[in-house]
Amino acid sequence: MKQYLVFDIGGTNLKYALLDNAGNIIEKNKKPTVKSGLNDFLKEMYEIADQYNGNFKGIAISCPGKIDVDNKIIHFGGSLPFLDGANIQKLFGDKYLSLIHISEPTRHM
């Protein structure tokens, strides 16, 4: 299993895809971004990740704000201020026992 779950968190949409080891999109989709708070937002992301659980070995997340890539912490959160201080390693890596990569937004999907 060399597939990766990728999230592109935006102020309007939460895009996600399952990629193979070569970066080819196997499946992709999007949902409106939940903006009511961190708990509701995480619930939405966990529901998506749970659909693919067991099918990926790593998670990549692109999100707004300033990103501490070494410690995998979001600062500020851009249009989603409730993400300020979120530790992506603890919220996703520890939950799904996966490798985690986080970066600032780019146009991937």
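Up top is the structure.
Treat the numbers as computed from the prediction; the structure is a model and nothing was measured. (Residues numbered from 1 in each chain as written. Predicted model: local features only at pLDDT ≥ 70, side-chain atom pairs only at ≥ 80, totals over all residues. Heavy atoms only, no water.)

Help me understand the packing of aromatic side chains in this model?
Aromatic ring pairs are defined here through the distance separating the ring centres and the angle between the ring planes. Scanning the model with the defined rule gives six aromatic pairs in all. Between tyrosine 46 and phenylalanine 92, the ring centres sit 5.4 Å apart and the planes meet at 65°, which makes this aromatic pair edge-to-face. Within this pair, whereas tyrosine 46 is found in helix 1 (residues 38-52), its partner phenylalanine 92 is found in helix 2 (residues 88-96), the two being separated by 46 residues in sequence. Put simply, the rings of Phe7, Tyr46, Phe56, Phe92 and Tyr96 pair up and form one aromatic cluster. A cation over a ring is seen here: lysine 95 above tyrosine 46, with NZ or CZ 4.7 Å from the ring centre. (Phe/Tyr/Trp six-rings, centres within 6.5 Å; stacked < 30°, edge-to-face > 60°. Helix = DSSP H or I, 4+ residues; strand = E, 2+ residues; numbered from the N terminus. Lys NZ or Arg CZ within 6 Å of the ring centre and 35° of its normal.)

Just to check I follow, could you spell out the sheet that holds strand 2 (residues 13-19) for this structure?
Strand pairing in a sheet relies on backbone hydrogen bonds. The paired strands run either parallel or antiparallel. With mixed pairing, five strands are arranged side by side in an open sheet as 3-2-1-4-7. Bordering the open sheet on either side are strand 3 (25-32) and strand 7 (99-103), each of which pairs with just one other strand. Neighbouring strand axes in the sheet, compared pairwise and without regard to direction, differ in orientation by 15° on average. Sheet topology places strand 2 next to strand 3; seven bridges connect them, and they run antiparallel. Bridging from a neighbouring strand, alanine 17 pairs with lysine 28 of strand 3. Contacting strand 4 (58-62) and strand 7, helix 2 crosses the sheet at an angle of about 150° to strand 7. (Pairing = 2+ DSSP bridges. Axes fitted to C-alpha atoms, helices over the stretch in contact; angles between N-to-C directions. Contact = heavy atoms within 4.5 Å.)

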